[in-house]
Amino acid sequence: MRQGTRYQRPRAAPKPGETIATSTCGHNCGGRCVVNAHVVDGRIVKISSDPTRWNPQLPPLQACARGFGQIERVYHPDRLQHPLRRVGKRGGGQFERISWDEALDEVARQMLRVRARYGNAAILDASRSGSLSALHGRTAAQRFLYMFGGCTELWSNMSAEAEVFAVRMTYGAKAVYKSAGREPTDFVNSKLLLLWGWSPGDGTFGTGTWQYLRLARKRGARVICVDPRRTRTSTALADEHVFIQPSTDAAALIAMAYVIASEGLYDRAYCDAHVLGFDEEHLPPGAPAGASYLSYLNGGPDGIKKTPEWAAAITGVPAATIRRLAIEFATTKPAALQCGYAPGRTAYGEQFHRAAYALAAITGNVGICGGSSGVSNGATGRAGIKSLPCGTNPIDARVASPLLADLLARGKAGGYPADIKLIYSTGGDLFNQAPNVNKMVRSLDEVEFLVAQDHFLTPTARYADLVLPATTFWERNDVHTPWAGAGHYAIFMQQAIAPVGECRNDIDIFADLASRVGIKGYNDQSELAWLRELTREAVDDFDAFAAHGLARFAPPADAVAFAREIRDPERHPFTTPSGKIEIYSMALAANPDPYGLGTIAPIPTWVPPFREDSRYPLKLLTPKSRARTHSIHGNQPVLGRVDRDDVWLHPTDAHARGIHDGDPVRVFNDRGAVTLPARVTDRIAPGAVSIKEGAWFTPDATGTDMRGCANVLTDDRSAPSGATTYNTNNVDVAPAMAGGTGA
């Protein structure tokens, strides 16, 4: 056994007549927990989780409500069990049952036809993270489509691209966002935890994160939350909550840097040794005079000093609060800034993350015990476990994910690689989860064939021409690693039951398609042989791993990312061009518009995000639901009771519109409208409204969505980094009976 590795059975002993299979939710859920299926006579009768007691040295991997809700999901009456072919109008939900041979023959025929007539770029891979693991799911689709000659693909991370980009620009080309943070075990070493747009109490953010935060709080860490909403994390743990207006976070962080710099509270020795571009003395050769971050803070380029008063007018945070936060963060050692993804899902979201990393750097908190890089993932990564190799796309046809609606609407005329004629979606629900749903749906007329491979007739599958029923993770074997890149473990996902109905594994579906379209070598190994190969670098006893269900690996040498770079910069420089933490990005100085989506300054910069429209004065937030993983579980009424869908709005905004708590309301803008019950609460900042993302798009005869699909309201707009802009949208709210104005 590899040193430090131990294999555990995270389950109780089975009862007579019962078998127990250990697995983990194969979704993009924010956690990676143990779920055990108790099986009697071939049917799951109960879900349990890791039964061990909390131990910070060896924490149990205990599931949330969604994990226990998997039994409702796998036996849901609407579960797809047979291939289906559309017989009514697209989107009408009318299908007929066909055989697998009919279905696969038709998919193959359509793919060959579209490739021959239009080229590979006319095929769009719309697969996403609804089915995630080492072997099955999206990578199986990518492997097939790349071997078929390529496709147009949506390249940017819909949750975290702003952070993905900012990590590379600040910490280096080889810095990976999932391992650029710190292990939760280090939380207890912080004297101050500044949680910015980050609520593990709502969104998990790594199994055990919540418990480690509670432990840090118990051991004396001061906790401050900055968020437009008073989250569950803030309510339970925070010493202080600071309300801020959506999309304005970068301005507050920049103003905090101004205070720290102007009052001489930055770590001068640390900056001299490890930071590029904070002041004029530490700019790279060739950089123009006045290009430093300090110059920007003092108003050099634009004549505006980035004072707390300047930021207060933008953010709604009082200047005194900004000044106090800055001084407290700079003078409390060590202090950790933990940033969520949500403030980066904005029109210039990369600026939020870069400003956060700059604040962590100038206070000397990057790479030290109890400090933080400003990245809220872990420091471990995937621990050497690989995914099914998919190769590379043979054609250069890439589009930023938030631009999907515009890609479908305009195609080549809009400068995109192709006019999309065929869409293949495996474990994806982009017609619900990508922005500007109505525009996407209106733009499907020129799409000649759409395949959805999924578990349910999701909003995306409802528009498909052909639907293929795939297995859930309970019906196959696989392997998974921690979601947040923290925790150094892997879970063997043991098959618990036979496939329901005629459902088939993703990789087997594509293997049959491969033979029909002339691809050789798509899959030449058994499921278990693949899993042995993919885990070989991490797991030395695969049989023990499969039998036990859980492999615990040795922790990383350092619990915080970049500790080695700070400790020994000569031998281990950052992988930036300068070898240092780059507040001034040499890569952006050389190429300020890397994706053709807008220019990005070399230093963190405030850019006003909103396109002001007096018709829609409220700012929309789209946080996660504890009852869903994005749109997964959106059709489960029992689980839905955990976190009911509603519209949060402040009493001031509700009173001005004649809205009372519980009233049905209409939220609208020029892209569409949704109806939901109102929740009037002082837990949200005035001027902001909140709708939990992931509710299934369900339009009525007038086109108004009746279940609260937030992406009816969001704009298909990309940040310059390719990030989504879910949290930079204007809306208004009116009593539902009044109808309101707008689409």
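These numbers were taken from a predicted model, which means no experiment stands behind them.

Caption draft 1: Focus on the overall build of the protein chain. Counting its regular elements, the protein chain contains 24 helices and 27 strands. Compactness check: the protein chain gives a C-alpha radius of gyration of 25 Å against a globular reference of 27 Å for 743 residues, within 12% of the reference. Principal-axis analysis of the C-alpha atoms places the extent of the protein chain at approximately 70 × 65 × 50 Å. The burial tally for the protein chain puts 63% of its 743 residues in the buried class.

Caption draft 2: Region of interest: the side chain of Arg345. Considering the arrangement of structural elements, one finds Arg345 in the loop between strand S13 (335–339) and helix H14 (349–362). For the buried Arg345, no salt bridge is present, and the opposite-charge side chain at shortest range is Glu693, 7.1 Å distant. In this structure Arg345 touches Met158, Ser159, Lys624, Thr724, Thr725, Tyr726, Asn727 and Thr728, once residues within four positions along its chain are discounted.

Caption draft 3: The arrangement of the pattern of salt bridges in detail. All told, the structure shown has 37 salt bridges when counted by the stated rule. Between Arg113 and Glu448 there is a salt bridge, with the nearest N and O atoms lying 2.8 Å from each other. Placement of Arg113 in helix H3 (residues 100–118) and of Glu448 in the loop between helix H17 (437–442) and strand S16 (449–454) is noted, with a sequence separation of 335 residues between them. Judged by relative accessible area, which is 27%, Arg113 ranks as partly exposed.

Caption draft 4: Local environment of the environment of Leu124. Mapped onto the elements of the fold, Leu124 is located in strand S7 (residues 123–125). The residues touching Leu124, leaving out its near neighbours within four places in the chain, are Thr152, Leu154, Leu404, Leu407, Ile420, Leu422, Ile423 and Tyr424.

Caption draft 5: Spotlight on the packing of helix H4 (residues 138–147) against helix H18 (residues 506–517). Two elements in contact, H4 and H18, have axes separated by 9 Å at closest approach and are oriented at 10 degrees. It follows that H4 is roughly parallel to H18 by the angle criterion. Residues Ala140, Ala141 and Phe144 of H4 form the contact with H18, whose own contacting residues are Asp506, Ile507, Phe510, Leu513, Ala514 and Val517.

Caption draft 6: Just the sheet that holds S7, in detail. Pairing in this open sheet of 8 strands is mixed, and the strands run S6-S5-S17-S16-S15-S7-S8-S14 from one edge to the other. Since the sheet does not close on itself, it has two edges, and those belong to strand S6 (95–97) and strand S14 (398–399), each with one partner. As defined by bridge partners, strand S8 (residues 152–154) adjoins S14 across 2 bridges and the pair is classed as parallel. Bridging across to S14, Glu153 finds its partner in Arg398.

Caption draft 7: Examining unusual backbone geometry more closely. Following Lys333, the chain continues to Pro334 via a peptide bond in cis, the omega torsion being -10 degrees. With phi around 75 degrees, His633 is a residue other than glycine that occupies positive phi space. Given the relative accessible area of 3%, His633 is considered buried.

Caption draft 8: Quick look at the packing of aromatic side chains. Here the structure, examined in full by the defined rule, presents 24 aromatic pairs. With a centroid separation of 5.8 Å and an interplanar angle of 80 degrees, the aromatic rings of Phe492 and Phe542 are classed as edge-to-face. Residue Phe492 is located in strand S19 (residues 489–493), and its partner Phe542 is located in helix H20 (residues 542–548); the two are separated by 50 residues in the primary sequence. Considered together, Phe492 and Phe542 belong to a single accessibility category, that of buried residues. Among the aromatic residues, those joined into a cluster by ring pairs are Tyr177, Phe187, Trp198, Phe205, Tyr341 and Trp483.

Caption draft 9: Just the nonpolar core, in detail. Core analysis: the largest hydrophobic core is formed by 84 residues, its most contacted members being Tyr171, Trp196, Met256, Phe278, Tyr293 and Leu337. In terms of residue count, helix H9 (residues 249–262) provides more of this core than any other element does, 12 residues in total. With residues up to four places along the chain from it excluded, the contact list for Phe278 reads Ala261, Tyr266, Cys271, Ser292, Tyr293, Leu294, Ile362 and Ile583. Within the second largest apolar cluster, 52 residues are counted, among which are Ala126, Phe431, Leu618 and Ala654.

Caption draft 10: Spotlight on the side chain of Arg11. Mapping Arg11 onto the fold places it in the loop between strand S1 (6–8) and strand S2 (19–23). Although Arg11 is buried, it forms no salt bridge, and the closest oppositely charged side chain is Glu18 at an N-O distance of 9.6 Å. Among the polar contacts made by the side chain of Arg11, one reaches the main-chain carbonyl oxygen of Ala547 at a distance of 2.7 Å.

Caption draft 11: Just the sheet that holds strand S10 (residues 222–226), in detail. With parallel pairing, the 4 strands of this open sheet are ordered in space as S11-S10-S9-S13. Because the sheet does not close on itself, it has two edges, and the strands there are strand S11 (240–242) and S13. Recorded for the sheet is a direction-independent mean angle of 15 degrees between the axes of neighbouring strands. Pairing between strand S9 (residues 192–196) and S13: 5 bridges, direction parallel. The residue bridging Leu192 from the neighbouring strand is Ala335, located in S13. Most of the contacts of H9 go to S9, to which it runs at about 150 degrees, and overall it touches S9 and S13.

Caption draft 12: The arrangement of the pairing of strand S3 (residues 35–40) in detail. In terms of burial, S3 is a largely internal element, 5 of the 6 residues being buried. Pairing of S2 with S3, which is carried by 5 bridges, proceeds in the antiparallel orientation. Paired with Thr22 across the two strands is Asn36, which belongs to S3. Note: S3 against strand S4 (residues 43–48), 5 bridges, orientation antiparallel. The partner of Val40 across the bridge, within S4, is Arg43. Where S3 folds back on S4, the antiparallel hairpin that results is connected by 2 residues, among which Asp41 adopts a positive phi of roughly 55 degrees.

Caption draft 13: How the structure looks around the confidence of the model for the protein chain. For the protein chain, per-residue confidence averages 96 on the pLDDT scale, and 99% of positions sit at 70 or higher. Counting interchain partners and residues more than four positions distant, the pLDDT-below-50 stretch residues 738–743 has 17 contacts.

Caption draft 14: Region of interest: H3. Between its terminal C-alpha atoms H3 stretches 27 Å, which fits the 27 Å expected from 19 residues at 1.5 Å a residue. Residues of H3 that are buried in the fold lie against S7, H4, strand S15 (422–426), S16, strand S17 (466–469) and H18. Gly119 sits one or two positions beyond H3 and adopts a positive phi of about 95 degrees.

What counts and what doesn't
- Residues numbered from 1 in each chain as written.
- Predicted model: local features only at pLDDT ≥ 70, side-chain atom pairs only at ≥ 80, totals over all residues.
- Heavy atoms only, no water.
- Helix = DSSP H or I, 4+ residues; strand = E, 2+ residues; numbered from the N terminus.
- Rg over C-alpha atoms; globule rule 2.2 N^0.38 Å.
- Buried < 20%, exposed > 50% of the residue type's maximum accessible area, 1.4 Å probe, protein only.
- Lys, Arg positive; Asp, Glu negative; His and termini not counted.
- Salt bridge = Lys/Arg side-chain N within 4 Å of Asp/Glu carboxyl O.
- Contact = heavy atoms within 4.5 Å.
- Axes fitted to C-alpha atoms, helices over the stretch in contact; angles between N-to-C directions.
- Parallel < 35°, antiparallel > 145°, perpendicular 65-115°, else oblique.
- Pairing = 2+ DSSP bridges.
- Phe/Tyr/Trp six-rings, centres within 6.5 Å; stacked < 30°, edge-to-face > 60°.
- Core = buried A, V, L, I, M, F, W, Y, C linked by side-chain atoms within 4.5 Å.
- Polar contact = N/O pair within 3.5 Å; in protein donor to acceptor, adjacent residues only side chain to side chain.
- pLDDT = per-residue confidence, 0-100.
- Expected span 1.5 Å × (residues − 1).

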